[in-house]
Amino acid sequence: LGTPARHGAPVSLTVDGVAVTVPEGTSVMRASYLAGISVPKLCASDNMEAFGSCRLCVVEIEGRRGTPASCTTPVAEGMIVRTQSEKVRRIRRGVMELYISDHPLDCLTCAANGDCELQDAAGQVGLRDVRYTPGANHFDPKGIGARSQSEAKLQAGPGNAQYIPKDDSNPYFSYDPSKCIVCSRCVRACEEVQGTFALTIEGRGFDSRVKAGAGADDFLTSDCVSCGACVQACPTATLQEKSVAELGTPTRSVITTCAYCGVGCSFKAE
Ligand code: FES
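Residues numbered from 1 in each chain as written. Predicted model: local features only at pLDDT ≥ 70, side-chain atom pairs only at ≥ 80, totals over all residues. Heavy atoms only, no water.

A.B. asks: Talk me through the overall build of the protein; I want residue IDs and the actual numbers.
C.D. replies: The secondary structure content of the protein amounts to seven helices and ten strands. Relative to its 270 residues, the protein shows a buried fraction of 43%. Look at the contacts in the protein between residues 6 or more apart in sequence, and 57% of them connect residues 24 or more apart. (Helix = DSSP H or I, 4+ residues; strand = E, 2+ residues; numbered from the N terminus. Buried < 20%, exposed > 50% of the residue type's maximum accessible area, 1.4 Å probe, protein only. Contact = heavy atoms within 4.5 Å.)

A.B. asks: Got a sec to walk through the sheet that holds strand 4 (residues 80-82)? Specific residues and values, please.
C.D. replies: Taken together, the four strands give an open sheet; going across it, the order is 2-1-4-3, and neighbouring strands pair in mixed fashion. What marks the edges here is a single partner per strand, and that holds for strand 2 (18-23) and strand 3 (60-61). Examined bridge by bridge, strand 1 (residues 10-15) and strand 2 share six bridges and lie antiparallel to one another. If you follow Val15 over to strand 2, its bridge partner there is Val18. (Pairing = 2+ DSSP bridges.)

A.B. asks: Provide a residue-level description of helix 5 (residues 185-194), including the pertinent values.
C.D. replies: Within helix 5, seven of the ten residues are buried, which leaves the element mostly enclosed by the surrounding structure. Among the residues of helix 5, Arg185, Cys186, Val187, Arg188, Ala189, Cys190 and Gln194 are the ones counted as buried. Buried residues along helix 5 sit in contact with helix 3 (117-125), strand 6 (199-202), strand 7 (209-212), helix 6 (229-233) and strand 8 (239-241). Just beyond helix 5, the residue with positive phi is Gly195, at close to 70°.

Dropping the structure here:
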C-alpha cells in the first residue's frame, strides 16, 4: 500500500462508487483499501515506499489517459477511480500470465504453498491458462556454457530446463533465483528497513536477478547481516527461512525485538 500519509489536508474521492476521505499524499491503492476494496499487488508493501514495478495494481481514473499504478498515484480531490473495469482486469491477467510463464510450476511441493503472494494474486486476478512458453528465469547459463539466461533458454530448448542453483551459503535462509519475480522488495527492505544496502538487481529482462552485494560471490560473503528483513519481504519462496523449508510452515508465532544492533527492529519469530 506504500507508507501511509498522516498529516495532509483531507481529500475526498470515490473508488468503485464508494466515497472515501483520506489525507493528501495517500496513494490510490491505500484509499481503495480504506474504502474496503482490495487491489491486487506484488511489489507494494505496508512498510516501504511504493515502487511501482509489478504493474499488477493498475486502475482507471476518470478523465486520465492510460492505466496508472494505484500504489504510486496520489489521490486528488474529486477523483473517480475504477479498480474492477474489464480493461484493468484484462491487463492484470496479462501481467500475471507473464509472471507465471517465467516461474516454476511446482506449487504443490513448494515450501511456500498456501503462503505465497504470487499464488494468491494469480487467484485474485482469475488467471486460468498461460499461453506462453516457459521463460528463461529457470535456466542456468553456466550449466550449458551460455552467456546469459536468455541464451541458455535458446540452447536448452523446450522441456529441458536447467535450474539456476540455489544460494544456500547463509546459515539462516536460502535464495532460489528460479522463483524470483524481481519485485525488488528484498532489495528495498535491505535498504529502507535495515539500512544495509547488501542487495542489488543486476541484468535486464530475463537476465535480471537479485544479487547479494557488489563483488560478493554469495550471501555469506556479502555485506548481509542476516537480519531477515529480505526474507520477510519476499512474496514468493525465493528467499526462504531454512527452518520453514525444512520443518514446514509454523503453527504459532511471537513478535519480538532483534537484539543484534541498537535499531530495535521488531520481527516475527516462529
Ligand atoms: Fe503497484 Fe506493484 S503494487 S506496481
